[in-house]
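# Analysis of the macromolecular model
Each chain, written out:
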Amino acid sequence: MDALPLKPFEEMTPTDYAHIGLKCGLEVHQQLLTRSKLFCRCPAGHYSSSYDAEVLRHMRPTLSEMGEYDGTALMEKKTRKNITYRLHHATVCTYEFDDTPPFFIDDQAIDIALELALLLRLNLVNELHIARKQYLDGSIPTGFQRTTILGVDGWLPFKDRTIRVRQLGLEEDSCREVSDHGHERTYLTDRLGMPLIEVVTEPEMFTPQETAEVCNLIRKVCRSTQKVRRGYGATRQDVNVSVEGGTRVEIKGVPQIWRIPRLIYNEASRQVALLGIMKELNRRGVTPDTITTASKDVTELLIKASYAPVRSAIDRNLKVRCVKLCGFAGLLNTPTQEHTIFAKEFSDRVRVIACLSELPNIVHSDSASESLWPQDWQKLRKRMQAHEDDALILVWGDDRDVQTACEEIVIRATEATSGVPSDTRQPLKDGTNGFERVLPGAERMYPDTDLPPIEIPAERVNRARAVMPEFVWQTEATFRQGAMVEDDIQRLCISPRVLLIQRAMNELGLSGKLLGVVLAQRMRALARAERRPERFSDEALFAILQAHSQERLAKEGIAWLMELILVQSTKDEITDADVIAVLDELDIQKMTDQELQCEVACAIQAADRTQFSTVAKLRRFLMGELMKALIGLVDGRRVWDCLTTTLRTVEPNLAEQWTGT
Amino acid sequence: MNGKAATKTTDGYRGPGLAVLQRHGVGVWSDVEVQTMGGRFRGIILPRSETADDKHIVLKLNSGYNIGVAAETVKSMTEHGRRAANYKIPEQQFPIDAGKPNVVLFGTGGTIASRLDYRSGAVIPAFSPGELYGSVPELADVCNLRTEKLFGVFSENMGPEQYIALAKRIGQAIEEGVDGIVIGHGTDTMHHTAAVLTFMVQNPPIPIVMVGSQRSSDRPSSDAALNLICAVKTAAESDIAEVVVCMFGPTSDEYCLIHRGTRVRKMHSSYRSTFRTIGDIPLAMIDPQTITLFRDDYKRRRRDRNVHINPAYSDEVTMLYYYPGMKPDVMEAMIEKGYRGIVIAGTGLGHVNKPTYRALQLAMDKGVHVYMTVQTLWGFVGMYVYETGREMMALGVMPLANMLPEVAFVKLSWVLGQTDDREEVKRLMLKSIGDEITEREPYNGYLIYQGAVPEVQEFLKKIKR
């Protein structure tokens, strides 16, 4: 196998990406934290893999508002899928499976989306129009997603530039796929109808890494509202990738941000490889106008073939067909992505569109691995009247599916003569991608006639503006100024404690570093210990921090007191009054120097000095004893200094021995 | 539509919206850049629904999304060109095969074939043979299809005028020699029309199949295609020479049921499986491959053309849905307004309260024909069981056995269109023409299962419904 057209992933530099003209855009989908689903009153956020009933549907393409058919829709029509929806009584009503028209759109969802639209500085629309976005894969039982645009043309600051945000949409989530074999596809409907927003950026990211960074930034903006869902699947992104001379290709539904860079790398590599293949084909005189193909039923010819998949197909009375692609010889093995060759482009189409999902579903004449015997290929070449520079692809299955498969192979081969086809591709675990469907266009949009437009008056926008959080990058800057460590900044800038932290910095003069330790690290440790620290109200935590700033509590004492209160209290919300009560009950006051000296003196007196060979050892022992008693109440440094001073007065003759140890 | 630069249409815009368009010299289908106080927007101006407010301009963005911009915030609008929608299902000549049966499809309106209407913001009927073939090519496997648009009304606007025209046209089509008739109809009153056609078109030699859809054909998961394929197949291939309704059996996209025109009723406002045979079993189930008959007591297809068209209809018939505490003046008002026939949907076995007797007496005195049906829909009127029933019969109220209230209404309208003779009316009303009254209610004619009951849940888990 030849090498990929790009350097290995780890060695690629921004200059390398600039060289191939990489451009990336994002579509970030984020579920909103609402009580109900978007167009019905089913509870949002309830998941269940079990089901009570099933409904079967088929999809047919329909015209767009402008009177056109969408390419994706026509593709899905060819697949002839039986789509089964699983229904659970707790998570769906008759709306989700399209037996009841939509109810009014959820107000809570609109308000959250407005807040986000303001944070992304979009031009807000004054009247929402619900559209139907066609999805003929069956992921939505109606065959379309109800969706609406709240704003266009916004921007985000990124490093020393801005990334433009094309639009923010509010839409209903789709089904979760259970399985897809042959002509049978099954979905769970629990997630269906959950409100989510879609943030679309312009293609203004130029490396895989910065695409991931911008994605993370958008996610942080969303989370900074505290009104979005979290957890696996609550945020998913589509990544749009193109290289110079290539085409916009969408990698759909990437669940984790860290997967983005490698996925982009592989897609970039694929596009560069496909452009290379196009050039070579054109050089050989194969263009969209001159491409020659043929396909024939060759079942009879291969009745004695040894290649197991073909053998088994013939045994099951299935058909085998051969497609001849003139001038394609030697190209099918061209690497496109890591561990992936050009032939997979054909195999993917056959799997998705002809529904021949049992792999391998094709074998080709360039194949270096297990294949037909050379004499079988010879027979096929003769039958197909193939020349040396022609490639052959075999495909097997049900008669009708195999016909579809051959048509698709020819379509894909024709596309190869003009470069990169517009695909929606699915991300695979190894960082490569596979064909999912033809990329849909504006043709799939249709106005929803079931719902009237919704006016967004200025007062409503103002209400959203009043409750929206500070821009997350401003929060980050404040925290950074307060010397908070970066890890804590990233955790806390999107936490519900942002206002508390800012107040503690401003009013109590506490450092960002300390607040990071307390509110990110200690809180997490307490959560891991199942103390449920989220029960602390902001005011309660402020009271604890205040006690520290008044020196009633040492740094170490903050976590100690927090744990103490959490252990003692069974309440679901712990208020500042609860904290003050505990401080009073334990009589936690600032310890004066005099009181501290007294404690130290008592400790020295109580110790059996003969046990220690040096004063240094004695001091270590005394420090341990004192901290046991004073932990949390007095800063360790203060105890150490006081102990040292006092010991000097008690044991002056030994001073030299331990000074500086 | 296509764009003529000279005339700027402003479909649906009024008031401030219209003023803004005119002020900036733009119109519907203009590709514009709009500067507003809330920022810049670029898109094509779409027509405005007449039921929407007059304060917003609708734009179609490049992405295909539509948005509304408040007219009062618009600072400027610059036209960059024009692009009109051209909503047209690709028309293809319907192939003719001499070996296949000839079916005619009459269009009356409804959602079986529809497209978007900007003015109303809803879907409106659109109907052409080529369009149908373009969107449901499977039809050509079954028959040679001819289509004819008779009316373009939603089903709630169907009435006597349409019933009569339809019955007459059916008669002509039968004489012309078609092998089957399909009638595209809105679903809301499809069962009224199915019943009235059963009475007006008697003894047809061919199937007359009514069909519609619960989800308009502009939706990918519409039931229109399967309904239409099954209806056309029924008309072309079945030997059921009756007026029937062919609509989704379960909500799943699996098969349709063929219901007798007089025993079918729309039972859910939005489900696909809304049409149910009441108090009996359907005639057959059908999918694109097979027709499975459930019974053999139907009238068979014939080669002759001896149909009897009787398009009589009186619009002086009304219905009274009884409710507890009803005062006699409601019915008295009907009588005083000149209604000659009243179908009551009574409670239980067919009852009304005592105060209503006064109105019943008036009806008898004035020669108004009063017939009793049941609100329960399932079951027979039983006026001998309780004293109330016997008293009402003494006041001239005629029980209509298990005739459905809507069927009784159209039948009485049809009968009073022919005669006012009390005995003749009674004879015609009680003589079953198409099973509007049946002799027996089969044990499986009443099936309203309740969810959550274990055996029902088990059924639901196993069977896609």
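Residues numbered from 1 in each chain as written. Chains lettered and ligands numbered in written order. Predicted model: local features only at pLDDT ≥ 70, side-chain atom pairs only at ≥ 80, totals over all residues. Heavy atoms only, no water.

## Remarks on the overall build of chain B
For the record, the criterion: Every helix listed is a DSSP run of H or I at least four residues long, and every strand listed is a run of E at least two residues long, numbered separately from the N terminus. Buried residues are those whose accessible area, probed at 1.4 Å on protein chains only, stays under 20% of the maximum for their type, while exposed residues exceed 50% and partly exposed ones sit between those limits. Every residue pair with non-hydrogen atoms within 4.5 Å of one another is taken to be in contact. Per-residue and other accessible areas follow the Shrake-Rupley method at a 1.4 Å probe size, with only the shown protein chains counted as cover for residues.
What chain B contains, in helices and strands, is 11 helices and 23 strands. Within chain B, the fraction of its 465 residues that count as buried is 58%. Pairs at least 24 apart in sequence give 71% of the contacts found in chain B among residues at least 6 apart. When the accessible surface of chain B is summed, it comes to about 19,100 Å², and 51% of that surface belongs to carbon and sulfur atoms.

## Let's talk about the interface of chain A and chain B
Applicable threshold: By buried area we mean the combined loss of accessible area, with a 1.4 Å probe, across both parts when two parts are placed together. Within this document, salt bridges are pairs made up of a side-chain nitrogen of Lys or Arg and a carboxyl oxygen of Asp or Glu, the two lying within 4 Å of each other. Any pair of nitrogen or oxygen atoms within 3.5 Å is treated as a polar contact; in protein, a donor-acceptor pairing is required on top of that, and neighbouring residues in sequence qualify only through side-chain atoms on both sides. Under the convention adopted here, Pro, Cys and the residues Ala, Val, Leu, Ile, Met, Phe, Trp and Tyr are nonpolar, Asp, Glu, Lys and Arg are charged, and Gly plus all remaining residues are polar. Pairs of strands are assigned from DSSP output, requiring at least two bridges between the strands.
Taken residue by residue, the interface counts 59 residues in chain A and 64 residues in chain B. Between chain A and chain B, the buried area comes to about 4,700 Å², and carbon and sulfur atoms account for 49% of it. Between the two partners, chain A and chain B, sit 8 salt bridges. Close ionic contact of D450 of chain A with R219 of chain B constitutes a salt bridge, the shortest N to O distance being 2.8 Å. Our enumeration of links across chain A and chain B arrives at 30 residue pairs in polar contact (both at pLDDT 80 or more). When contributions to the side of chain A that touches chain B are tallied by element, the ones reaching two or more residues are strand 2 (53–57), strand 3 (82–87), strand 4 (123–124), strand 6 (131–134), strand 7 (144–158), strand 8 (161–172) and strand 22 (445–447) of chain A. Of all the elements, strand 7 of chain A adds the most residues to the side of chain A that touches chain B, at 7 residues. Classifying every residue of the side of chain A that touches chain B by side-chain character gives 24 nonpolar, 17 polar and 18 charged. Judged from the 2 bridges that link them, strand 5 (residues 127–128) of chain A and strand 4 (residues 66–70) of chain B form a sheet pairing that is antiparallel.

## A look at the domain arrangement of chain B
Stated precisely, the cut-off is as follows: Note: domain ranges come from an automatic or database domain assignment.
Entries for chain B in the domain assignment read domain 1 (15–82), domain 2 (102–309) and domain 3 (317–430). If you average the C-alpha positions of domain 1 of chain B and of domain 3 of chain B, the two centres end up 57 Å apart.

## Remarks on the nonpolar core
Generally speaking, a soluble globular protein has its nonpolar side chains buried in company with each other. Stated precisely, the cut-off is as follows: Nonpolar core, defined: a set of buried Ala, Val, Leu, Ile, Met, Phe, Trp, Tyr and Cys residues in which side-chain atoms within 4.5 Å join the residues together.
L116, L168, L170 and F328 of chain A are the most contacted members of the largest nonpolar core, which totals 126 residues. The greatest single-element share of this core, amounting to 10 residues, is contributed by helix 5 (residues 260–283) of chain A. Those residues within four positions of F328 of chain A in sequence are excluded, and the remaining contacts are L281, R284, V286, I291, F342, D366, D389, D390, A391, A413 and A416 of chain A. In terms of nonpolar packing, the next biggest core, distinct from the first, is built from 90 residues, V136, F199, V232 and I278 of chain B among them.

## Here we look at the pairing of strand 13 (residues 249–254) of chain A
Residues and elements named next belong to chain A. Summarising burial for strand 13: 5 of the 6 residues are buried, a large majority. In terms of strand pairing, strand 12 (residues 235–242) meets strand 13 through 4 bridges, oriented antiparallel. Across the sheet, residue V241 finds its bridge partner in strand 13, namely V249. The hairpin turn running from strand 12 into strand 13, its antiparallel successor, is 6 residues long, and G245 in that turn takes a positive phi close to 85°. With 2 bridges connecting them, strand 13 and strand 20 (residues 423–427) associate as parallel partners. The residue of strand 20 that forms the bridge with I251 is R425.

## Topic: the packing of helix 19 (residues 615–630) of chain A against helix 20 (residues 636–650) of chain A
Residues and elements named next belong to chain A. Let me state the cut-off plainly: Under this scheme, a helix contributes an axis fitted over its contacting stretch, all axes are lines through C-alpha atoms, and angles between N-to-C directions fall in the 0 to 180 degree range. Any angle that is under 35 degrees is reported as roughly parallel, and any over 145 degrees as roughly antiparallel; angles of 65 to 115 degrees are reported as roughly perpendicular and all others as oblique. For a crossing to be left-handed, the near helix must be turned anticlockwise from the far one by less than a right angle; the clockwise case is right-handed.
Following both chains from N to C, one finds helix 19 and helix 20 inclined at 135°, their axes separated by 10 Å at the closest point. Overall, the two elements helix 19 and helix 20 adopt an arrangement that is oblique. Crossing geometry of helix 19 relative to helix 20 is assigned as right-handed. Between helix 19, through V615, L618, R619, L622, M623, L626, M627 and L630, and helix 20, the contact on the second element is made entirely by G636, V639, W640, L643, T644 and L647. Considered class by class, the residues forming the contact of helix 19 with helix 20 number 11 nonpolar, 2 polar and 1 charged.

## Digging into a nonpolar patch on the surface
The condition is simple: Like charges are joined within 9 Å and nonpolar side chains (Val, Leu, Ile, Met, Phe, Trp, Tyr) within 5 Å, but only among residues with over 30% relative accessible area and no salt bridge; these make up the patches.
The grouping of W560, L586 and I631 of chain A at the surface amounts to a nonpolar patch, some 230 Å² of accessible area in total. Position of L586 of chain A among the secondary structure elements: in the loop between helix 17 (576–585) and helix 18 (593–606).

## Topic: the environment of A581 of chain A
Residues and elements named next belong to chain A. Summarising the element assignment, A581 is placed in helix 17. Here A581 falls in the partly exposed class, since its relative accessible area comes to 42%. As for A581 and D190, which are separated by 391 residues in sequence, their C-alpha atoms are 46 Å apart.

## Remarks on the domain arrangement of chain A
All names here are of chain A. When cut into domains, chain A gives domain 1 (9–275), domain 2 (292–328 + 341–416), domain 3 (470–585) and domain 4 (593–658). Between domain 1 and domain 3 the total buried area reaches about 890 Å² when both faces are included, carbon and sulfur atoms providing 66% of it. When the buried surface of domain 1 facing domain 3 is broken down by residue, L119, K220 and Q226 rank first, second and third, together holding 49% of it. The tally of links between domain 1 and domain 3 comes to 1 salt bridge. With a shortest N-O distance of 2.4 Å, K220 and E476 are connected by a salt bridge. With 5 residues, helix 4 (residues 208–224) is the single largest residue contributor to the side of domain 1 that touches domain 3.

## Focus on the sheet that holds strand 17 (residues 284–286) of chain B
Backbone hydrogen bonds are what pair the strands of a sheet, in a parallel or an antiparallel way. Residues and elements named next belong to chain B. Pairing is mixed in the open sheet, where 8 strands are placed in the order 9-6-10-12-13-14-17-18. In the strand order of this sheet, the two ends are held by strand 9 (144–149) and strand 18 (291–293), each with one partner. Averaged over all pairs of adjacent strands, the angle between their axes in this sheet comes to 25°, without regard to strand direction. Note: strand 6 (residues 102–107) against strand 9, 6 bridges, orientation parallel. Paired with N102 across the two strands is N144, which belongs to strand 9. This element, helix 4 (residues 190–200), spans strand 10 (180–184), strand 12 (208–211) and strand 13 (243–248) of the sheet and lies at about 155° to strand 13.

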